[in-house]
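Chain by chain, the residues:
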Amino acid sequence: MCAISVRLADAGPATIFDDHEHIVLEPAQTKSLIETMDRFGIASMILLDTPDVTFDPAAGFEGYDDTVLRQLAMKRLYPDRLRVFYTFPSDDGAGPRNAALLAAQGIDGLKFYNGLPMLREQLGSIDSPAMYAAYAAARQHKLPVIIHVEALSPIQRHEFERALNDFPAVTFICPHLCGVQSSLEILGTMLARHPNLFTDGGPWHRVGAFATAAPDKFRDFYIAHSDRIMFATDSVKQDSIEGDPALGEVIECERQLLEAKYFSCFRSDLVMRGLYLPQIALDNIYFKTAAGIFPLPARVPRVLKWKNHEGRNRYHDAKRKDYAISETARFKKRLKSAPVESSATS
């Protein structure tokens, strides 16, 4: 089957801030990550400390102290490009103290998994006394917090909003559009209530699959809240960024979702509708939102200039018409109706 693909234009210097990746490499392998970041326009990337259970379902919530030290070693090689967030479980009484020690060694924030269904019973509530001690450490050391929350759950939403209210000086990033799937109005209400709340648009199965099924709805939401949304792919990579798919393929597909009217990538054999976001929304999501939270890397310009954004989509529109003329009747019908995947995964 012939598929439409969008070749992303060269944006010059890397300009995208990627706020959510589970990547841990040996120092000697870190250059391959930086090369991929350069090739796909990533200026700065957050490496999230990750328990062993993320890489191996048979493992427990352990290994996080070793992982963060490996990630800090990566950061020392490229301090302007990589940032590191430390994690610890609620029952680790030394966690807040270790966070303070690691703040002096260069961590950039804290990451918590309390809302993740598979870890919910072990880690406890988002507003427990142990978590309040963690948020207090974040406030003391001016560390942003990334925390997994399933905001479709009224219980989790109540716990999280209590923490948001009680720690207004802490910046909270609730990834994956806070788990609301297509119920964007829930997140919209939360953003309106809490100026210290931000989010991101990864990974594909939590956001992209829903966005391609309802692109107009997601486009309106992204435009309205682009100053609170950041770019992310939420890739999980240990000891290598290759594999099926490779990290670069994932980044490219996520960018196509945001930039193109129609696109295809490894996620589906179908031609999918993208969000085709305007310049100002892309600028916010790719860099300006993050610039309000994190210090700017010295090598990155403060203002993005996507000069070829409109040209990319005009090129794609022309290619789409060419395919509609040349392919089979079945494929032409699919293009004419702007098909998308019929259902999204949870």
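Everything discussed here concerns the structure shown above.
Everything numeric here is computed off the predicted structure, so don't read it as measured data.

So, how was this worked out
- Residues numbered from 1 in each chain as written.
- Predicted model: local features only at pLDDT ≥ 70, side-chain atom pairs only at ≥ 80, totals over all residues.
- Heavy atoms only, no water.
- Axes fitted to C-alpha atoms, helices over the stretch in contact; angles between N-to-C directions.
- Helix = DSSP H or I, 4+ residues; strand = E, 2+ residues; numbered from the N terminus.
- Parallel < 35°, antiparallel > 145°, perpendicular 65-115°, else oblique.
- Contact = heavy atoms within 4.5 Å.
- Nonpolar A, V, L, I, M, F, W, Y, C, P; charged D, E, K, R; others polar.
- Pairing = 2+ DSSP bridges.
- 1 Å grid on protein atoms, 1.4 Å probe; cavity = no way out; pocket = protein on both sides within 12 Å on 5 of 7 lines; lining within 4 Å.
- Points joined across faces, edges and corners; volume = space filled by probe spheres on them.
- Salt bridge = Lys/Arg side-chain N within 4 Å of Asp/Glu carboxyl O.
- Buried < 20%, exposed > 50% of the residue type's maximum accessible area, 1.4 Å probe, protein only.
- Phe/Tyr/Trp six-rings, centres within 6.5 Å; stacked < 30°, edge-to-face > 60°.
- Lys NZ or Arg CZ within 6 Å of the ring centre and 35° of its normal.
- Expected span 1.5 Å × (residues − 1).
- Bend = angle between axes of the 7 residues up to and from the residue.
- Core = buried A, V, L, I, M, F, W, Y, C linked by side-chain atoms within 4.5 Å.

Draft legend 1. Here's a closer look at the packing of helix H8 (residues 184-193) against helix H10 (residues 215-224). Direction vectors running N to C along H8 and H10 enclose 5°, while the axes themselves pass 11 Å from each other. Considered as vectors, H8 and H10 are oriented roughly parallel to each other. Taking contact as the criterion, the partners of Leu184, Glu185, Leu187, Gly188 and Leu191 in H8 are, on H10, Lys217, Phe218 and Phe221. Looking at the contact of H8 with H10, its residues break down into five nonpolar, one polar and two charged.

Draft legend 2. Representation of the sheet that holds strand E1 (residues 16-24). In space, the nine strands of this open sheet follow the order E8-E7-E6-E5-E4-E3-E2-E1-E9, with parallel pairing throughout. The open sheet has two edge strands with one neighbour each: strand E8 (229-230) and strand E9 (236-238). Note that E1 and strand E2 (residues 42-48) share four bridges and pair parallel. What sits directly across from Phe17, in E2, is Ser44. On top of the sheet, helix H11 (residues 247-259) reaches E1, E2 and E9; it is set at about 145° to E1, its chief contact.

Draft legend 3. Representation of empty space enclosed by the protein within the structure. Scanning the model with the defined rule gives one cavity of 30 Å³ or more in all. Its boundaries defined by the atoms lining it, the largest cavity holds a volume of some 60 Å³. Tallied by class, residues from the lining of the largest cavity come to seven nonpolar, one polar and one charged.

Draft legend 4. Up close: the pattern of salt bridges. Counting across every chain of the model gives eleven salt bridges. We note a salt bridge from Arg81 to Asp38, for which the minimum N-O separation is 2.9 Å. Of this pair, Arg81 sits in the loop between helix H3 (64-77) and strand E3 (82-86) while Asp38 sits in helix H1 (residues 30-39), and the two are 43 residues apart along the sequence. Arg81 sits in the buried class, given a relative accessible area of 6%. When salt bridges that share partners are traced, they join Glu26, Arg70 and Asp239 into one network.

Draft legend 5. Highlighting unusual backbone geometry. A cis geometry characterises the amide bond from Gly202 onward to Pro203, with omega recorded as -10°. Structurally, the position occupied by Pro203 is in the loop between strand E7 (197-200) and helix H9 (204-213). In this structure, Pro245 follows Asp244 across a cis peptide bond, with omega equal to 5°. In this structure, Pro245 sits in the loop between E9 and H11. The residue Cys178 is not glycine, and still its phi comes out positive at about 60°.

Draft legend 6. Highlighting the packing of aromatic side chains. Per the stated rule, a full pass over the model turns up 14 aromatic pairs. Measuring from centroid to centroid gives 5.0 Å for Phe17 and Phe294, while their planes differ by 20°, and the two rings are stacked. Of the two residues, Phe17 sits in strand E1 while Phe294 sits in the loop between helix H12 (279-291) and helix H13 (309-326), which places them 277 residues apart along the sequence. As far as burial versus exposure is concerned, Phe17 and Phe294 are alike and both buried. Their ring planes at 75° and their centres at 5.8 Å tell us that Phe61 and Tyr113 sit as a pair that is edge-to-face. Taken together, the residues span a long stretch of sequence, with Phe61 in the loop between helix H2 (52-55) and H3 and Tyr113 in the loop between strand E4 (109-112) and helix H5 (120-123) at a distance of 52 residues. Three or more aromatic residues link up through ring pairs in this structure, and these residues are Tyr86, Phe88, Phe112, Tyr132, Tyr135, Phe160, Phe167 and Phe172. One residue, Lys111, lies across the ring of Tyr113, its end atom 4.4 Å from the ring centre.

Draft legend 7. Geometry of the layout of surface pockets. The space that makes up the largest pocket amounts to roughly 380 Å³. Every residue lining the largest pocket is counted, 21 residues in all, and those nearest its centre are His22, Thr54, Leu116, His148 and Asp234. Those elements that provide at least two residues to the lining of the largest pocket are E1, H2 and H9. Here the lining of the largest pocket is composed, by residue class, of ten nonpolar, seven polar and four charged.

Draft legend 8. Local environment of H12. The terminal C-alpha atoms of H12 lie 17 Å apart, and with 13 residues this matches the ideal 18 Å at 1.5 Å per residue to within 8%. Of all the bends in H12, the greatest measures close to 55° and is centred on Ile285. Burial in H12 covers these residues: Ala281, Leu282, Asp283, Asn284, Ile285, Tyr286, Phe287, Thr289 and Ala290.

Draft legend 9. Representation of the nonpolar core in the model. With 80 residues, the main nonpolar core has Leu33, Tyr135, Ile147, Phe160 and Tyr222 as its most contacted residues. Contact partners of Tyr222, with chain neighbours within four places excluded, come to Leu177, Gly201, Val207, Ile229, Leu258, Leu275, Leu277 and Ile285. Counting 13 residues, the second largest nonpolar core, distinct from the first, contains Leu48, Ile173, Phe287 and Phe294.

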